[in-house]
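# Tertiary structure, described
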Amino acid sequence: MSTPALPLELDALIGWSDQLTEEEREVRATTRRWVDGHAQPHIVDDFEAGTFRRSHVKELAQLGLLGAPLPAEYGCAAVSNVAYGLACLELERCDSGLRSFVSVQTSLAMYAIWRFGSEEQRRRWLPKMATGDVVGCFGLTEPDHGSNPAGMAARCRRDGDGWVLGGTKMWITNAQIADVAVFWARESGGDGRILGFVVERGTAGFSAADIPHKLSMRASHTGSLHCDEVRVPEAARLPGAAGLVAPLACLENARYGVAFGVLGAGMDCFERARTYSRDRRQFGVPLAAKQLVQAKLADMAADLVEGSLLALHAGRLKDKGQLSSVQVSVLKRQNCRKALRIAREARGLLGANGIVVDYGVVRHMVNLESTYTYEGTDEVHTLAIGRALTGENAF
Ligand SMILES: Cc1cc2nc3c(=O)[nH]c(=O)nc-3n(C[C@H](O)[C@H](O)[C@H](O)COP(=O)(O)OP(=O)(O)OC[C@H]3O[C@@H](n4cnc5c(N)ncnc54)[C@H](O)[C@@H]3O)c2cc1C
């Protein structure tokens, strides 16, 4: 057995390179090159300014990352879910907001149209969303209904050959920049089904507003959507969606990318903490020479190994169509927990510098607070796992 080079690369410790296809390695490397050249140099400024750089949209599209795992016939790259997960990881190595843009465009808005839309809707929207000419968002959460979307107050009612929508959605990624919103509402009367609509920006009565004063996901747009007697044709309704199961299926799909992506933030925190502890001297030696510091780095690295192997395993299952809902809950819960724990630990290891945004880790830390909450909170996934294990619903 050969002695590994010191310091050991995290990828060598994970030991997954051989298990990736050439395409998966290529997607990862290409994404990383773009991130290093185009996103990383601006991220501190963007985070402090509270903005998402519009020029990123077309560039991400050129990399084939918008709708990446969706079929080529709709202009998408049709890569494996593992390749897409690795791209999410590399984007989030820079910032969770950057990955959130791609996740929402790909795994929520485009996925909803692909999975529940008509063939006409797919052909109308997906190619333009893949090229970044159309940005999408996904409106499920409401001011009074987050973890329990079944209680949603948004309503839709039949009106002649179309529909009228009313209601407010809250905490919607990309809301302010979206050209189309997938808007979920409960049907008034009848059996009260939850239906999905593709609402275009500029439709009378439809508006989006910024949610100001966020301290997390500052390099990502988060806003509200408001429908006030919005009239849309029947052609705007997603015909395959009837019931809460439809938006929940989209969320389940998106959680996979979140759980893969957060590893990137965790890896960046680990690398920054490792470099800092090797450079910074206290008590006459590098911090890295102290056992308590090594124990923290060892815990962080071990968490990243476990999280990466779990994500790869989940990706392979997803590519075979075998990834179950409860497995996604385990993946999302564990990896978001791990990444947040790593970011907090890294923040501590950097001492006072750890609270300065230029040092990177505190930005990841506050972003990861959002990943802990969105796409099903930590508690919601715990309850989903508990329900699957016991047969008892404790929600
Ligand atoms: C940055 C960001 C971006 C987002 N983007 C989107 C988006 O694009 N589209 C979208 O639709 N939504 C989006 N969300 C909303 C997100 O999905 C919700 O915030 C999430 O579902 C939680 O809902 P809530 O915030 O209303 O919290 P609540 O549901 O009010 O929960 C508050 C607390 O109570 C706990 N809790 C709730 N129910 C139970 C229970 N039964 N037992 C024990 N504890 C419970 C929760 O775990 C949590 O800790 C985004 C959120 C953030 C922060």
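Each remark here, short or long, concerns the structure printed above.
Description of the structure in this document. (Residues numbered from 1 in each chain as written. Predicted model: local features only at pLDDT ≥ 70, side-chain atom pairs only at ≥ 80, totals over all residues. Heavy atoms only, no water.)

### A look at the site of the ligand
The ligand sits among 17 residues. The nearest are Thr 141, Ser 147, Trp 171, Thr 377 and Glu 379. Thr 377 places a polar side-chain atom, nitrogen or oxygen, 2.6 Å from an oxygen atom of the ligand. Contact distances for the ligand include 2.8 Å between an oxygen atom and a side-chain N or O atom of Glu 379. When the ligand sits alone it has 980 Å² of accessible area, and the protein chains cover 67% of it. Judged by the fraction of its atoms near the pocket grid, the ligand is located in the largest pocket. Those elements that provide at least two residues to the shell around the ligand are strand E3 (162-173), helix H11 (361-373) and helix H12 (378-390). A per-element tally of the shell around the ligand places E3 first, with 3 residues. Classifying every residue of the shell around the ligand by side-chain character gives 8 nonpolar, 7 polar and 2 charged. Taken domain by domain, the makeup of the shell around the ligand includes at least three residues from each of domain 2 (137-236) and domain 3 (248-390). (Near = heavy atom within 4 Å. Polar contact = N/O pair within 3.5 Å; in protein donor to acceptor, adjacent residues only side chain to side chain. Areas by Shrake-Rupley, 256 points an atom, 1.4 Å probe, with all protein chains shown as cover. 1 Å grid on protein atoms, 1.4 Å probe; cavity = no way out; pocket = protein on both sides within 12 Å on 5 of 7 lines; lining within 4 Å. Sits in = over half its atoms within 2 Å of the grid points. Helix = DSSP H or I, 4+ residues; strand = E, 2+ residues; numbered from the N terminus. Nonpolar A, V, L, I, M, F, W, Y, C, P; charged D, E, K, R; others polar. Domains from an automatic or database assignment.)

### Comments concerning empty space enclosed by the protein
Across all of its chains, the model carries 1 cavity of 30 Å³ or more by this definition. Of the pockets and cavities examined, the largest cavity occupies roughly 60 Å³. Counting only elements with at least two residues in the lining of the largest cavity, the list comes to helix H3 (43-49) and helix H6 (96-116). Classifying every residue of the lining of the largest cavity gives 6 nonpolar, 3 polar and 3 charged. (Points joined across faces, edges and corners; volume = space filled by probe spheres on them.)

### Some details on the pairing of E3
In the sheet, strand E2 (residues 155-159) pairs with E3 via 5 bridges, with the strands oriented antiparallel. Residue pairing across strands places Arg 158 opposite Trp 163, the latter belonging to E3. Hairpin connection from E2 to E3: 2 residues lie between these consecutive antiparallel strands, with Gly 160 at a positive phi of about 60°. Two elements, E3 and strand E7 (residues 222-233), share 9 bridges in a ladder whose sense is antiparallel. Bridged to Thr 168 within E7 is His 226. (Pairing = 2+ DSSP bridges.)

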